[in-house]
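# Structural overview for review
Listed here are the chains, written in short residue letters.
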Amino acid sequence: MRLTRPPAVQPAYVLHQHDWSETSLILDLFTRDSGRVAVAAKGAKRPYSQLRAVLLPLQRISVSLSKPAKAEGGEVQTLRTAEWGGGATLPAGAALFSGYYLNELLLKLLARHDPHAPLFDAYADTLAHLSAGDEVLRAFELKLLSELGLLPDLSVVTPTQAAVDPARRYLLSPESGVIPPSGEAGLPGALLIQLQAALLHGSMAALRQAACTAEPQGLKTTLRGLLHYHLGHQPLRTRALMVDVQQLLDA
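Residues numbered from 1 in each chain as written. Predicted model: local features only at pLDDT ≥ 70, side-chain atom pairs only at ≥ 80, totals over all residues. Heavy atoms only, no water.

Attention shifts here to the nonpolar core. Residues Leu106 and Tyr123 are the most contacted members of the largest nonpolar core, which totals 49 residues. Sorting the residues of this core by element identifies strand E1 (9-19), helix H1 (94-109), helix H2 (117-127), helix H3 (134-147), strand E6 (169-173), helix H4 (189-201), helix H5 (204-212) and helix H6 (216-230) as the ones contributing at least two each. Non-local contacts of Leu106, meaning those with residues more than four positions away in its chain, are made with Leu15, Phe30, Arg36, Leu119, Tyr123, Phe140 and Leu144. Counting 17 residues, the second-largest nonpolar core is a separate cluster that includes Ile61, Val63, Leu79 and Ala82. (Core = buried A, V, L, I, M, F, W, Y, C linked by side-chain atoms within 4.5 Å. Buried < 20%, exposed > 50% of the residue type's maximum accessible area, 1.4 Å probe, protein only. Helix = DSSP H or I, 4+ residues; strand = E, 2+ residues; numbered from the N terminus. Contact = heavy atoms within 4.5 Å.)

Structure representation (C-alpha cells):
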C-alpha cells in the first residue's frame, strides 16, 4: 500500500485576489517557503465556504497547496487548506492604506516562486506596527530594496568604495549608488551608516529606530525615487489613493 504524503503547511498572506469563476477565486499569496505564488481557491465564494472568513488581506494564514494546474493561461497551484494563523486583526484607517501599499510593492517587485524568508518575516513584523508612524514604511522599503539586491552598501561611496564620511551628505542614486552631491542635497552620511548597520543587524526594530532619527521628508523622497525607478516609473495605485483621501480630509 502506497502512502500519500500530505502537502506541507506554510505561513502565507493574501496580497490580492480576483474572480476566477462564479464560485472560485485566484489568489496572489506571499508565502514564506515558496515566495509569491498564484493559487486557485475553489469554492471560496460559496456562501457556506469556510475560506470566506480566512482569505483576507493583511492576515496571517497557514496554507497547503497541491500540484500546479493550468488556469487563465498560466501555472496556478490549487489551495488545499487554509486556516487563520493568529495575530493582529485587520488594521483600520491610515494603517489599512499602508498595508495595501506594502502589498502593491510586493506584487510589483517580487518575481513568482522566488522565496525571501527574511522579507516575509519583515513583512509580518511591519504589519504589527503599521500604526506606529511613517518610519515603519521607510524601514520596510529599505528592507525590500535590500533583499531584492536593489540597494547598495550605504556605508561606502559606490564609485570609489571609500567609507562614507558621517559629516558629509550623499545622494542615493538608483543607477550610481551612494554618491557625493554637488550641493547641500542628499542624506547625512551618519544616517546612511546607521541604516546600513541596522540592515546588517537584521532587526526591523533597529531599522525603524534608524529611520525614525532620519530627516523624514528627505528619506521618504529618496526611497520614493528608488522605488519609482525600479518599478519602471509606473505609479502606485495605493499611493495615489492615499493622497486623494488625505486631500478630502484636509478639505
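Still more to cover.
All right, on to H3 then. Between its first and last C-alpha, H3 extends 20 Å over 14 residues, near the 20 Å set by a 1.5 Å rise per residue. Where burial is concerned, most of H3 is hidden: ten out of the 14 residues are buried. Residues of H3 that are buried include every one of Val136, Leu137, Arg138, Ala139, Phe140, Glu141, Leu142, Lys143, Leu144 and Leu145, and no others. Check the buried side of H3 and you find it contacts H1, H2, H4, H5 and H6. (Expected span 1.5 Å × (residues − 1).)

A few words on the pairing of strand E2 (residues 25-31). The buried count for E2 comes to seven of seven residues, which makes it a mostly enclosed element. Burial along E2 is two-sided: Leu25, Leu27, Leu29 and Thr31 and Ile26, Asp28 and Phe30, pointing in opposite directions, are all buried. If you look at the hairpin formed by E1 and E2, you'll find five residues sitting between the two strands. In the sheet, E2 pairs with strand E3 (residues 35-41) via seven bridges, with the strands oriented antiparallel. Each bridged residue has a counterpart across the sheet, and for Phe30 the counterpart in E3 is Arg36. A loop of three residues connects E2 with E3, the two strands running antiparallel in sequence. (Pairing = 2+ DSSP bridges.)

Our next topic: the side chain of Gln10. As for its placement among the helices and strands, Gln10 is situated in strand E1. Overall, the relative accessible area of 8% leaves Gln10 in the buried class. Separated by 3.1 Å, the side chain of Gln10 and the backbone nitrogen of Asp33 make a polar contact. Apart from the residues within four sequence positions on either side, Gln10 is in contact with Thr31, Arg32, Asp33, Ser34, Ile61, Ser62, Val63 and Leu65. (Polar contact = N/O pair within 3.5 Å; in protein donor to acceptor, adjacent residues only side chain to side chain.)

Attention now goes to the pattern of salt bridges. In total, this model carries eight salt bridges according to the counting rule given. Between Asp121 and Arg32 there is a salt bridge; the shortest N-O distance is 2.7 Å. Highlighted residues: Asp121 in helix H2 and Arg32 in the loop between E2 and E3, separated in sequence by 89 residues. For Arg32, a relative accessible area of 29% gives the class partly exposed. (Salt bridge = Lys/Arg side-chain N within 4 Å of Asp/Glu carboxyl O.)

With respect to the secondary-structure elements, Gly202 resides in the loop between H4 and H5. Taking the C-alpha atoms as reference points, Gly202 and Lys143, separated by 59 residues in sequence, lie 8.9 Å from one another.

Two modes of strand pairing occur in sheets, parallel and antiparallel, and in both the strands are linked by backbone hydrogen bonds. Sheet architecture is open: three strands sit in the order E7-E6-E8, paired in antiparallel fashion. Each of the sheet's edge strands pairs with one partner strand only, and the pair in question is strand E7 (177-179) and strand E8 (187-188). Pairing of E6 with E7 involves three bridges; the strand directions are antiparallel. Counterpart to Leu171 in the pairing with E7 is Ile179.

Looking now at the packing of H3 against H6. Between H3 and H6, whose axes approach to 11 Å, the crossing angle comes to 40°. Classified by the interaxial angle, the pair formed by H3 and H6 is oblique. Note on packing geometry: the crossing formed by H3 with H6 is left-handed. Contact with H3, carried on its side by Arg138, Glu141, Leu142 and Leu145, involves Leu219, Lys220, Leu223, Leu226, Leu227 and His230 of H6 and no other residues of that element. Counted by class, the contact of H3 with H6 contains six nonpolar, one polar and three charged residues. (Axes fitted to C-alpha atoms, helices over the stretch in contact; angles between N-to-C directions. Parallel < 35°, antiparallel > 145°, perpendicular 65-115°, else oblique. Left-handed = near helix turned anticlockwise from the far one by under 90°. Nonpolar A, V, L, I, M, F, W, Y, C, P; charged D, E, K, R; others polar.)

Another point: the side chain of Thr126. Mapped onto the elements, Thr126 comes out in helix H2. Setting aside residues no more than four positions away along its own chain, Thr126 makes contact with Leu102, Val136, Phe140 and Met204.

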